[in-house]
Amino acid sequence: MKKLLALLLAMTMVMALVACGNNSNQKPAENTPPAPAENQEPAAPAENEPAAPAATSEITLWTYPIGDWGDEATVKKLTDAFTAETGIAVKVEYLAYADGDDKVNTAITAKGTPDLIMEGPERLVANWGANGYLVDLKDMFDDTDMSEINAVNEGVMNACTHTNGAIYEYPLVMTAHCMAVNVNAFKEAGADQYLHLDTHTWTTDEFINAVAALYAHYNDTVGAVYCAGQGGDQGTRALVNNLYGGAFTNAEHTQYTWDDPLNIQALEQLKSMDGIAFDASLAGGDEIAKFYQGALKMAFCWNIAQQLDPNGAKTGAEKTVTGDDIAFMSFPSQDGNSKLQGGIWGFGIFDNGDQARIDAAKQFIKYMCDSAHTVDAVKAARYFAVRTTAEGTDLTGIWADNAIMNEYTKLMPYLGDYYQVTTGWAGARTEWWNMLQEVGAGQDITASVAAHAATANSAAG
């Protein structure tokens, strides 16, 4: 009996040594669960502990600064909640508009693109999608999704869909870009009579009269057609297009039409006005800074993000004009019914050839854009939801407790065509601000407009 016990004890010790020998001193990769032995089912997770992540344990997201989607603390709350529910970690990189495109293009060349990217159709659809780098997301939309989005604005899905029929962006939020005025300055100059602050609209004649009154009172520049670069150029385009009803592109988004005589008329009108300067030293952010400082009495580069938190704008300006001093306004048009430049933001998926990662990225999009969690994702963007409901969750009352957002909804019906998906968009933007510089320098307006529009169209093919 003693010999038998000794034999059993010896065998137990050998087995223990073998087991210890399988535990090397090399630390496994962080967040990567050990693979189960061949032909062996993985052990069930311990009670009250989350299951180990699936084969795709991490995906990457690159995001431009879209509201608080550019804020690490805010995004971490969203991604942590997603990880807790799905077991999929999300590694985030925050892009700036100054060099974000360069980083993405470099990543494309190096075959190191992220799984997900957050931006608008001009990049996701007209650029990276059109060039074959993004996944077609058509299979993510059923009839209910389409109806929920189209109930808000039918132009959203049109903008997210390429002419080849592929959907390269799953939209989350939208807004209407506008302009702003310094209400106190207008009152001091007697120009507030030309503002319809109940509807936030005004006509072309009212705008012209207001600028004249402001200039007579301040004897200085009150509004700047900024053109140092493309930053904020949606404002200058909307200003020029709306004054007399011109268009920037054709309806099919195949040709640039800013050589429209109505646009030339608008440029001639602006160039002739005392108080309006074509300023090649300013881009959109610089203009906003001067508006905050009180040097300019109106800003053509504005949207709800600034209206919600003027002090949060990273312009580097000492702000003396904030809060109730500022009223948002639609761009002036002949009848007061303008066509505003819109913004649409959502997610695209880079095709890295890994279906598991693509599926995980789609799971992330569904979580953020079409679930009970969409409310949090929309609020982080600080814009308006592109759909009425998400999997039964009502999105129409997201901003019910925010008076500024509720008031801003008055501009949403004025959203115009989302023409930023026209081919050759990046080059066209360059031609636009170069043209504005030439107009400001006194070159012949008709000739300059024709030349730059023709160059934009040649690039568009």
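The structure we're discussing is the one just above.
All figures in this text were calculated on a predicted structure; none of them were measured in a lab.

Draft legend 1. How the structure looks around the environment of D80. Residue position: D80 is located in helix α2 (residues 72-86). When its relative accessible area of 37% is taken as the criterion, D80 is described as partly exposed. For the pair formed by D80 and V90, sequence separation is 10 residues and the distance between their alpha carbons is 8.0 Å.

Draft legend 2. Spatial organisation of helix α13 (residues 355-369). With 15 residues, α13 extends 21 Å between its outermost C-alpha atoms, agreeing within 8% with the 21 Å of an ideal straight helix rising 1.5 Å per residue. The complete set of buried residues in α13 reads I358, A360, A361, K362, F364, I365, Y367, M368 and C369. The distance from a side-chain oxygen at the start of α13 to the backbone nitrogen of A356 is 3.1 Å, and the residue carrying that oxygen is D354.

Draft legend 3. Spotlight on the pattern of salt bridges. Counting across every chain of the model gives 15 salt bridges. We note a salt bridge from D136 to K138, for which the minimum N-O separation is 2.8 Å. The salt bridge involving D233 is made with R429; its shortest N-O contact spans 2.9 Å. With a gap of 196 residues between them, D233 in helix α9 (residues 233-244) and R429 in helix α16 (residues 425-440) connect regions that are remote in the sequence.

Draft legend 4. Summary view of the sheet that holds strand β8 (residues 298-302). Read across the open sheet, the three strands follow the order β8-β5-β9; overall the sheet is antiparallel. Both edges of this open sheet fall to β8 and β9 (326-329), since each of them pairs with a single strand only. Averaged over all pairs of adjacent strands, the angle between strand axes in this sheet comes to 30 degrees, irrespective of strand direction. Relative to β8, strand β5 (residues 178-182) runs antiparallel, the two sharing three bridges. Its bridge partner being in β8, C178 is matched across the sheet by W302. Along the sheet, helix α11 (residues 284-293) makes contact with β5, β8 and β9, crossing β8 at roughly 140 degrees.

Draft legend 5. Looking closely at helix α5 (residues 143-150). Of the positions making up α5, those classed as buried are D145, E148 and I149. An end-on view of α5 places all buried positions within 95 degrees of arc, on one side of the element. Two or three places before T144, at the opening of α5, D142 has a side-chain oxygen 3.1 Å from that residue's backbone nitrogen.

Draft legend 6. The arrangement of the pairing of strand β10 (residues 342-349) in detail. Counted residue by residue, β10 has eight buried out of eight residues, so it is predominantly covered. Relative to β10, strand β3 (residues 116-119) is paired through four bridges, and the arrangement is antiparallel. Bridge pairing links E119 to G346 in β10. Alignment of strand β4 (residues 170-176) against β10, held across six bridges, turns out to be antiparallel. Note on β10: the bridge partner recorded for Y170 is F347.

Draft legend 7. Seen up close, the sheet that holds strand β2 (residues 89-94). Pairing in this open sheet of six strands is mixed, and the strands run β2-β1-β3-β10-β4-β11 from one edge to the other. Pairing within the sheet leaves two strands with one partner each, and these edge strands are β2 and β11 (384-385). Taken strand by strand, helix α4 (residues 121-129) contacts β3 and β10, and its axis lies near 120 degrees from that of β3. Helix α14 (residues 374-381) contacts β4 and β11 of the sheet and is inclined by roughly 40 degrees relative to β4.

Draft legend 8. A look at the side chain of T249. Secondary-structure assignment places T249 in the loop between α9 and α10 (261-272). Excluding anything up to four places from it in sequence, T249 contacts Q255, Y256, T257, D417, Y419 and T422.

Conventions used here
Residues numbered from 1 in each chain as written. Predicted model: local features only at pLDDT ≥ 70, side-chain atom pairs only at ≥ 80, totals over all residues. Heavy atoms only, no water. Helix = DSSP H or I, 4+ residues; strand = E, 2+ residues; numbered from the N terminus. Buried < 20%, exposed > 50% of the residue type's maximum accessible area, 1.4 Å probe, protein only. Expected span 1.5 Å × (residues − 1). Polar contact = N/O pair within 3.5 Å; in protein donor to acceptor, adjacent residues only side chain to side chain. Salt bridge = Lys/Arg side-chain N within 4 Å of Asp/Glu carboxyl O. Pairing = 2+ DSSP bridges. Axes fitted to C-alpha atoms, helices over the stretch in contact; angles between N-to-C directions. Contact = heavy atoms within 4.5 Å. Arc of directions from axis to C-beta.

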